[in-house]
Amino acid sequence: MSQKIGTFPLVRVDMSLNDTERSVEFEPRELLIDVLRERFRMTGTKRSCDVQVCGACTVLVDGMPAASCTTLCADVHNRHVTTIEGLAYEGRLDPVQRAFIAHGALQCGFCTPGMILAVKSMLSLHENPSEETIRHFLRGNICRCTGYVKILEAIKDLVQNLLSFEPERK
């Protein structure tokens, strides 16, 4: 908090980013998406609408979906932030990522990180979500390519066969 850039004093945020403790200094007006992409090189978080409509910038903050394009980085002080880069475990894709691939639930891939993180959050709250619950959790994520059919199929199959998708952890 002692340095200045221009007229803004720098602030410091301590956070858990993908299960690693991180600290960063930035101007108080900086958005989480900019800090993630520019300072930490977490480029899986995509910028699109900048108004919390499309879901491409979705990250998890304390396990819940958050639009990083409208979240100030200062708002994640002492919180847990998960980006798409934080889902793989020991080089093995997360079960949600594998389900999306297995069902071809992506085309250009731009919306996929946000979709996958929204599904991760949903599954942490709902072990056996209905189609209505799935649609509710994806309502803030827009896909311009797939028409959502394969995305819904991937999620439904994942829920029905969750044990076969569990990552191997030692």
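To be clear, the structure that these remarks concern was listed above.
Residues numbered from 1 in each chain as written. Predicted model: local features only at pLDDT ≥ 70, side-chain atom pairs only at ≥ 80, totals over all residues. Heavy atoms only, no water.

Q: How do you make sense of the pairing of strand S3 (residues 11-17) when you look at a structure like this?
A: Along a regular strand, successive side chains alternate from one face of the sheet to the other. A large share of S3 lies buried, amounting to five of its seven residues. When S3 meets strand S4 (residues 20-26), the two strands line up antiparallel, connected through seven bridges. Bridge pairing links Asp 14 to Ser 23 in S4. Hairpin connection from S3 to S4: two residues lie between these consecutive antiparallel strands, with Asn 18 at a positive phi of about 55°. Relative to strand S7 (residues 80-82), S3 runs parallel, the two sharing two bridges. Looking at the pairing, Leu 17 lines up with Val 81 of S7. (Buried < 20%, exposed > 50% of the residue type's maximum accessible area, 1.4 Å probe, protein only. Helix = DSSP H or I, 4+ residues; strand = E, 2+ residues; numbered from the N terminus. Pairing = 2+ DSSP bridges.)

Q: What should I look at first to understand the state of the cysteines in this one?
A: The term disulfide refers to a covalent linkage connecting the sulfur atoms of a pair of cysteines. Within this structure, the stated rule accounts for zero disulfides. Cysteine Cys 57 is unpaired, with the sulfur of Cys 69 as its nearest cysteine sulfur at 3.6 Å. Residue class for Cys 57 comes out buried when judged on its relative accessible area of 3%. A disulfide-free cysteine, Cys 143 has its sulfur positioned 3.7 Å from the sulfur of Cys 111, the nearest such atom. Cys 143 sits in the buried class, given a relative accessible area of 9%. (Disulfide = S-S within 2.5 Å.)

Q: Whenever I open this one, helix H1 (residues 32-39) confuses me. Can you help?
A: Side chains of residues three or four places apart in an α-helix project in the same direction, reflecting 3.6 residues per turn. Listing the buried residues of H1 in full gives Leu 32, Ile 33, Asp 34, Val 35 and Leu 36. Tucked into the core, H1 has its buried residues touching S3, S4, strand S5 (58-61) and S7. Looking one or two residues past H1, Arg 41 carries a phi angle of roughly 60°, positive in sign. (Contact = heavy atoms within 4.5 Å.)

Q: What exactly am I supposed to notice about the environment of Arg 29 here?
A: You can see Arg 29 is positioned in the loop between S4 and H1. Using a relative accessible area of 53% as the deciding quantity, one classes Arg 29 as exposed. Sequence separation between Arg 29 and Cys 54 is 25 residues; the distance between their C-alpha atoms is 22 Å. Sequence-distant contacts of Arg 29, that is, excluding residues within four places in its chain, are made with Phe 8 and Leu 72. In this structure the side chain of Arg 29 is engaged in a polar contact, spanning 2.6 Å, whose partner is the side chain of Glu 27. (Polar contact = N/O pair within 3.5 Å; in protein donor to acceptor, adjacent residues only side chain to side chain.)

Q: Explain the environment of Cys 49 here, please?
A: Mapped onto the secondary structure, Cys 49 falls in the loop between H1 and S5. Relative accessible area serves as the criterion here: at 27%, Cys 49 is assigned to the partly exposed category. Between the alpha carbons of Cys 49 and Cys 69 there is a distance of 8.2 Å; along the sequence they are 20 residues apart.

Treat this as a map of the structure, not an account of what it does.
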